[in-house]
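# Topology and contacts: notes
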Amino acid sequence: MLRLALLLLLAIAALPARGQSPIYHCIAADGHPVFTDQPCANLQATPAPTSSAAAEAPSLRPPAVTCAVDVDQLRGAVIDAFANADANRLAGLILWGGYGEHAVVADIRALAALMRRPLVGIDLPPDGSGSELVVSTVPEDGSDQADQTRFAIEPRAGCLWLRPE
């Protein structure tokens with residue numbers, strides 16, 4: 001009887017995990033990575049190679065690191081925020097000092113709208129300076145050109161932070 005009760009508890013505990021949609025890592029026709037909740041074939045994209053996909057695939061849990069110490073960690077945290085459609089997580093990566101209360105609320109609403117669009121890619125400037133992060137998303141108007149949102153990267157107190165441009 002105890003075994004049956006434990007088995008039933010384990011089965012119930014596993015139910016919420018089934019409700020989560022998997023995140024697919026695809027490569028679009030233009031070569032940019034795409035993270036989506038749809039199979040790659042639905043987007044006319046190809047699955048990313050499995051060896052690198054496991055290393056680059058976003059987590060469905062918030063990362064343990066609360067302070068990005070390098071650009072790769074910051075980029076990974078932005079990918080995690082998009083994978084979880086978590087505007088609050090993305091807002092937590094932003095240095096808000098000097099903003100008025102109303103500006104912060106407006107910017108967080110803009111982040112929430114940004115998070116509703118599929119992520120196409122996250123790039124650094126081609127000069128390798130690491131001075132900004134360019135977040136590309138699927139455009140709202142359905143055009144072929146991805147929408148780009150730029151964030152300056154600002155070091156402060158041993159961490160790297162985003163600042164909307």
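In what follows, the accompanying structure is described.

Reading guide: rules and limits
- Starting afresh in each chain, residues are numbered from 1 along the sequence in its written order.
- Two thresholds apply to this predicted model, a pLDDT of at least 70 for residue-level local features and 80 or more for giving and counting side-chain atom pairs, whereas whole-chain, interface and lining totals are computed over all residues.
- Heavy atoms from the whole structure form the basis of all side-chain values; hydrogens and water molecules are not counted.
- Every helix listed is a DSSP run of H or I at least four residues long, and every strand listed is a run of E at least two residues long, numbered separately from the N terminus.
- Think of it in three bands: residues with accessible area under 20% of the maximum for their type are buried, residues over 50% are exposed, and the middle band is partly exposed, with areas taken using a 1.4 Å probe on protein chains only.
- What makes two residues a contact is simply this: any of their non-hydrogen atoms within 4.5 Å.

## So, the environment of I108
Position of I108 among the secondary structure elements: in helix 5 (residues 101–115). Classification of I108 as partly exposed rests on a relative accessible area of 28%. Separated by 20 residues in sequence, I108 and N88 have C-alpha atoms that sit 7.7 Å apart. When neighbours within four sequence positions are excluded, I108 is seen to be in contact with A91 and W96.

## A closer look at unusual backbone geometry
A positive phi angle, close to 50°, is found at A85, a residue other than glycine. Checked against the element boundaries, A85 lands in the loop between helix 3 (71–83) and helix 4 (87–91). Given the relative accessible area of 52%, A85 is considered exposed. Although it is not a glycine, A157 sits at a positive phi angle of roughly 55°. For A157, the location among the structural elements is in the loop between strand 6 (147–156) and strand 7 (159–164).

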